[in-house]
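Structure at a glance
Listed below, chain by chain, are the residues.
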Amino acid sequence: MSELLKIEGLTVTAEDKELLHGIDLSVGEGETHVLMGHNGAGKSTLGCAVMGSPEYSVTGGKIYFGGEDITEETADKRAGRGIFLSFQNPVEIPGITLSEFLRNALEQQTGKRIKLFEHKKNLSAAMSVLEMDSSYADRDLNVGFSGGEKKKAEILQLLMLKPRLAILDETDSGLDVDAVRTVSKGIEEYRKSVGGTLLIITHNAKILEELKVDRTHILSEGKVIREGDGQLAFDVLANGFEKYIGGVNDEKEN
Ligand code: ADP
Ligand code: MG
């Protein structure tokens, strides 16, 4: 399978502090990868660096997307290429409805005007996959949404914007069991209908069970300390990180 995302020797700095120290990580087209690690390991930083967030400076290494070097590109350009990053804490945007937000984003992405009728039709189909009440389309983005509703709104973006690579940063945090199932269903739909590639940051067993994970990467103190297949994610949940952090640093599975 060809590599969609390839990160080579990436070092990243914020506020004069080096946070990532030489990350190597590749994600094949159409695959689902999970990124795990303690709080503060650098998972969100890595997601932001791939997205091109200006808060973080790349001081070494390269990021390739679809074989092209995007290390120096702006976040806008990367979004245009089809890289999507969901935030751990989604922003609220008063004055712009969910429907308008998505229509604007789609128009920006395609450079074409989208007919309102068509947009509403597509939006309502995607919302029904996520079991979202249609009234949410006309509410201001994320304003007064519960944690679960914000997360659903993010997955809705995946289904509508159809990015080539979706980086989901703890999309499951704060969700109840039913919401986790719905979110998983949305992610599965994204994978099936869009053929999307996923890099998911999660420690949620239920999410991991529902998605077929191809590969697991464990981060500790800004380094990838272990990689393995989907089973490794479950081993980590069962045994904790310490086993992997202590003493087996350079060992890599299959
Ligand atoms: P994780 O998502 O794995 O919990 P983060 O990537 O959020 O970890 O953070 C990794 C480390 O980098 C933490 O020590 C955090 O305090 C630090 N860090 C993250 N963002 C910044 C920033 N913008 N400026 C300074 N330090 C940061
Ligand atoms: Mg984080």
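Rules behind the numbers
- Residues numbered from 1 in each chain as written.
- Chains lettered and ligands numbered in written order.
- Predicted model: local features only at pLDDT ≥ 70, side-chain atom pairs only at ≥ 80, totals over all residues.
- Heavy atoms only, no water.
- Phe/Tyr/Trp six-rings, centres within 6.5 Å; stacked < 30°, edge-to-face > 60°.
- Buried < 20%, exposed > 50% of the residue type's maximum accessible area, 1.4 Å probe, protein only.
- Near = heavy atom within 4 Å.
- Polar contact = N/O pair within 3.5 Å; in protein donor to acceptor, adjacent residues only side chain to side chain.
- Areas by Shrake-Rupley, 256 points an atom, 1.4 Å probe, with all protein chains shown as cover.
- Helix = DSSP H or I, 4+ residues; strand = E, 2+ residues; numbered from the N terminus.
- Nonpolar A, V, L, I, M, F, W, Y, C, P; charged D, E, K, R; others polar.
- Pairing = 2+ DSSP bridges.
- Axes fitted to C-alpha atoms, helices over the stretch in contact; angles between N-to-C directions.
- Contact = heavy atoms within 4.5 Å.
- Core = buried A, V, L, I, M, F, W, Y, C linked by side-chain atoms within 4.5 Å.
- pLDDT = per-residue confidence, 0-100.
- Left-handed = near helix turned anticlockwise from the far one by under 90°.
- Expected span 1.5 Å × (residues − 1).
- Domains from an automatic or database assignment.
- Buried area = accessible area lost by both parts, 1.4 Å probe.
- Salt bridge = Lys/Arg side-chain N within 4 Å of Asp/Glu carboxyl O.

1. A few points about the packing of aromatic side chains
In total, this model carries 1 aromatic pair according to the counting rule given. Ring centres 5.1 Å apart and planes at 90 degrees place the aromatic pair Tyr 136 and Phe 145 in the edge-to-face group. Considered together, Tyr 136 and Phe 145 belong to a single accessibility category, that of buried residues.

2. Digging into the site of ligand 1
Around ligand 1, a shell composed of 14 residues is seen, among which Gly 40, Lys 43, Thr 45, Glu 55 and Tyr 56 lie nearest. Interatomic distance of 2.6 Å between a side-chain N/O atom of Thr 45 and an oxygen atom of ligand 1. Here ligand 1 has 560 Å² of accessible area as a free molecule, and 71% of this is covered by the chains. Top contributing element to the shell around ligand 1 by residue count: helix α1 (residues 43-51), with 3 residues. Considering only residue class, the shell around ligand 1 consists of 4 nonpolar, 6 polar and 4 charged.

3. Things to note about the sheet that holds strand β12 (residues 223-228)
One key point about sheets: their strands pair by backbone hydrogen bonds, in either a parallel or an antiparallel sense. Read across the open sheet, the 6 strands follow the order β6-β9-β10-β3-β11-β12; overall the sheet is mixed. Each edge of the open sheet carries a strand with a single partner, namely β6 (83-86) and β12. Sheet twist, expressed as the average angle between the axes of neighbouring strands with direction ignored, equals 20 degrees. The pairing of strand β11 (residues 215-220) with β12 spans 5 bridges and is classified as antiparallel. Counterpart to His 217 in the pairing with β12 is Glu 227. Relative to the sheet, α1 contacts β3 (32-36), β6, β9 (165-169), β10 (197-201) and β11, its axis offset from that of β6 by approximately 145 degrees. Where helix α6 (residues 177-194) meets the sheet, it contacts β3, β9 and β10, and its direction lies at approximately 155 degrees from that of β10.

4. A short note on the nonpolar core
Residues Leu 98, Met 132, Leu 156, Leu 168 and Ile 187 are the most contacted members of the largest nonpolar core, which totals 34 residues. Sorting the residues of this core by element identifies α3 (98-110), α4 (116-129), α5 (147-161), β9, α6 and β10 as the ones contributing at least two each. Ranked by residue count, the leading element in this core is α5, at 7 residues. Excluding its chain neighbours within four sequence positions, the residues that come into contact with Leu 156 are Leu 98, Leu 102, Leu 123, Ala 126, Met 127, Leu 130 and Met 132.

5. Here we look at the confidence of the model for the protein chain
Caution is warranted with low-pLDDT regions, since their predicted coordinates should not be read in detail. Here the protein chain averages 90 in pLDDT, and 94% of its residues register 70 or above. Across residues 247-254, where pLDDT falls below 50, the model places 17 contacts with residues more than four positions away in sequence or in other chains.

6. Points about the packing of α3 against α5
Remark: α3 packs on α5, axes separated minimally by 11 Å, with the N-to-C direction vectors making an angle of 35 degrees. For the pair α3 and α5, the sense of crossing is right-handed. Judged by residue contacts, Leu 98, Phe 101, Leu 102, Ala 105, Leu 106 and Gln 109 of α3 engage Ala 153, Leu 156, Gln 157, Met 160 and Leu 161 from α5. For the contact of α3 with α5, a count of residues per class yields 9 nonpolar, 2 polar and no charged.

7. Focus: α6
One turn of the α-helix equals 3.6 residues, which is why residues spaced by three or four share an orientation. The terminal C-alpha atoms of α6 lie 25 Å apart, and with 18 residues this matches the ideal 26 Å at 1.5 Å per residue to within 8%. Taken as a whole, α6 has its buried residues at Ala 179, Val 180, Thr 182, Val 183, Ser 184, Gly 186, Ile 187, Glu 188, Tyr 190 and Arg 191. On the buried face of α6, the contacting elements are β3, α4, α5, β9, β10 and α7 (205-210). Between a side-chain oxygen at the N-terminus of α6 and the backbone nitrogen of Asp 178 the separation is 3.1 Å; the capping residue is Asp 176. Backbone geometry just after α6 places Gly 195 at a positive phi near 70 degrees.

8. What about the domain arrangement of the protein chain?
Assigned domains within the protein chain: domain 1 (1-76 + 214-254) and domain 2 (82-210). One C-alpha centre belongs to domain 1, the other to domain 2, and the line joining them spans 23 Å. The partner domain 2 presents 23 residues to the 25 residues of domain 1 that form the contact. For the pair domain 1 and domain 2, the summed buried area comes to about 2100 Å², and 69% of that belongs to carbon and sulfur atoms. Our count for the domain 1 to domain 2 interface comes out at 1 salt bridge. Taking the shortest distance from any N to any O, the salt bridge between Glu 29 and Arg 164 comes out at 3.3 Å. Counting every contact that joins domain 1 to domain 2 gives 9 residue pairs in polar contact (both at pLDDT 80 or more). If you list the elements that add at least two residues to the side of domain 1 that touches domain 2, you get β1 (3-14), β2 (17-28), β3, α1 and α8 (230-239). Considering every element that reaches the side of domain 1 that touches domain 2, the biggest residue donor is α1, with 6 residues.

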